[in-house]
Amino acid sequence: MKKYILTIAALFTLSVGFAQPDANARNILDKAYSAYENSNGIKMTFNIITTDENGTEYQPQKGTARIKGNKFKIEMPAIDTWFDGKTQWVLMKDLNEVNISHPSNEEIASISPLALLSMYKTGFTLDTPASEIINGKNAFIINMSPTASKSDFKKISVGIDKKTNTVLQVDITLKNGMRNKISINDYNTNYNFPDTEFIFNRDDHKGVEIVDLR
């Protein structure tokens, strides 16, 4: 369970530190960030392939994310997560339990979808972009290395669609050798979600044990 929480967090991770990124890489990521900021709401579907430090590949997992500013809802087979900008609800389906918390600033930085497209601004050095075909689309590949020695990440590779400036893929290698490859199958900015979309509704989950950690 923890590895999937970390995987989603890695999608949205923002580390501490400062570095001067490659100008071309920064320009590409600036465009992707701008496309995100100018949207009213995003819905994306994704696949995650996790490989452990011994090279064993886990069964692929599918998920859906709804995003609006710093709010989001993420649905996966084993876990659903809501965040309304202040409060986080994590529903662990196998335990029929939801944990409620007020994440710290550091925790928010590790789970906020906005950080997916802003993490390049601080805490990472960026390699010169390379070109690659991802899911039949022409893409830029940008490798990012954390500057902080305490970072959980060894390398993050981001694939950006050359035509739409949207994220197609995130490939994450952790310091412990675990690798998470996240492919975004559909990225649609034509949504205007109500704020209630990002709040856990107890009436929709009757019988679920509530663990309030606030």
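Calculation notes
Residues numbered from 1 in each chain as written. Predicted model: local features only at pLDDT ≥ 70, side-chain atom pairs only at ≥ 80, totals over all residues. Heavy atoms only, no water. Helix = DSSP H or I, 4+ residues; strand = E, 2+ residues; numbered from the N terminus. Buried < 20%, exposed > 50% of the residue type's maximum accessible area, 1.4 Å probe, protein only. Contact = heavy atoms within 4.5 Å. Areas by Shrake-Rupley, 256 points an atom, 1.4 Å probe, with all protein chains shown as cover. Pairing = 2+ DSSP bridges. Phe/Tyr/Trp six-rings, centres within 6.5 Å; stacked < 30°, edge-to-face > 60°. Salt bridge = Lys/Arg side-chain N within 4 Å of Asp/Glu carboxyl O. Core = buried A, V, L, I, M, F, W, Y, C linked by side-chain atoms within 4.5 Å.

## Concerning the overall build of the protein
Part 1 of the argument: Each helix and strand in the protein was counted, giving 4 helices and 13 strands.
Part 2 of the argument: Looking at the 214 residues of the protein, the share that counts as buried comes to 47%.
Part 3 of the argument: Taking all contacts inside the protein whose residues are at least 6 apart in sequence as the whole, residues at least 24 apart take part in 54%.
Part 4 of the argument: Carbon and sulfur atoms provide 45% of the accessible area of the protein, an area that totals close to 10,800 Å².

## Some thoughts on the pairing of strand 4 (residues 79–83)
Part 1 of the argument: Within strand 4, 5 of the 5 residues are buried, which leaves the element mostly enclosed by the surrounding structure.
Part 2 of the argument: As consecutive antiparallel partners, strand 3 (residues 71–75) and strand 4 are separated by 3 residues.
Part 3 of the argument: Alignment of strand 4 against strand 5 (residues 88–92), held across 5 bridges, turns out to be antiparallel. From the neighbouring strand, Phe83 faces strand 5, where its bridge partner is Gln88.

## Brief notes about the pairing of strand 10 (residues 153–161)
Part 1 of the argument: Counting buried residues in strand 10 gives 7 out of 9 residues, a clear majority hidden from the surface.
Part 2 of the argument: With 6 bridges connecting them, strand 9 (residues 137–146) and strand 10 associate as antiparallel partners. Along strand 10, the bridge assignment pairs Phe140 with Ile160.
Part 3 of the argument: Taken together, the 7 bridges between strand 10 and strand 11 (residues 167–174) define a ladder with antiparallel strand orientation. When the sheet's bridge partners are listed, Ser157 is paired in strand 11 with Asp171.
Part 4 of the argument: Between the antiparallel neighbours strand 10 and strand 11 lie 5 residues, among them Asn165 with a positive phi of about 60°.

## Examining the packing of aromatic side chains
Part 1 of the argument: For the coordinates displayed, the defined rule picks out 4 aromatic pairs.
Part 2 of the argument: The structure contains a cluster of three or more aromatic residues connected by ring pairs, namely Tyr191, Phe193 and Phe198.

## Observations regarding the pattern of salt bridges
Part 1 of the argument: The tally for this structure, following the rule as stated, stands at 8 salt bridges.
Part 2 of the argument: Between Arg66 and Glu75 there is a salt bridge whose closest N-O contact spans 2.6 Å.
Part 3 of the argument: With relative accessibility at 16%, the residue Arg66 sits in the buried group.
Part 4 of the argument: The exposure class of Glu75 is partly exposed, given its relative accessible area of 26%.
Part 5 of the argument: Put simply, Arg66, Lys73, Glu75 and Glu197 are held in one network by salt bridges that share partners.

## Section: the side chain of Asn99
Part 1 of the argument: Tracing the backbone shows Asn99 in strand 6 (residues 97–101).
Part 2 of the argument: The contact partners of Asn99, leaving out residues within four places of it in the chain, are Gln88, Trp89, Val90, Met92, Val211 and Leu213.

## Description of the nonpolar core
Generally speaking, soluble globular proteins have nonpolar side chains that are buried together.
Part 1 of the argument: Phe46, Leu126, Met144 and Ile156 are the most contacted members of the largest nonpolar core, which totals 36 residues.
Part 2 of the argument: With 6 residues, helix 2 (residues 23–37) is the largest single contributor of residues to this core.
Part 3 of the argument: Within the second largest apolar cluster, 7 residues are counted, among which are Trp89, Leu91, Val98 and Ile100.

## Focus on the environment of Ala65
Part 1 of the argument: Position of Ala65 among the secondary structure elements: in strand 2 (residues 61–68).
Part 2 of the argument: The sequence separation of Ala65 and Tyr187 amounts to 122 residues, and the corresponding C-alpha distance is 9.6 Å.
Part 3 of the argument: Apart from residues no more than four positions distant in its own chain, Ala65 is found in contact with Ile42, Lys43, Met44, Phe46, Lys73 and Ile74.

## A short note on unusual backbone geometry
Part 1 of the argument: For Asn96, which is not glycine, the phi dihedral falls at a positive 50°.
Part 2 of the argument: Structurally, the position occupied by Asn96 is in the loop between strand 5 and strand 6.

## Points about the environment of Gly85
Part 1 of the argument: Tracing the sequence through the fold places Gly85 in the loop between strand 4 and strand 5.
Part 2 of the argument: Each C-alpha atom of the pair Gly85 and Lys71 lies 5.3 Å from the other, and the pair is 14 residues apart in sequence.
Part 3 of the argument: Gly85 has contacts with Asn70 and Lys71, leaving out every residue within four places of it along the chain.

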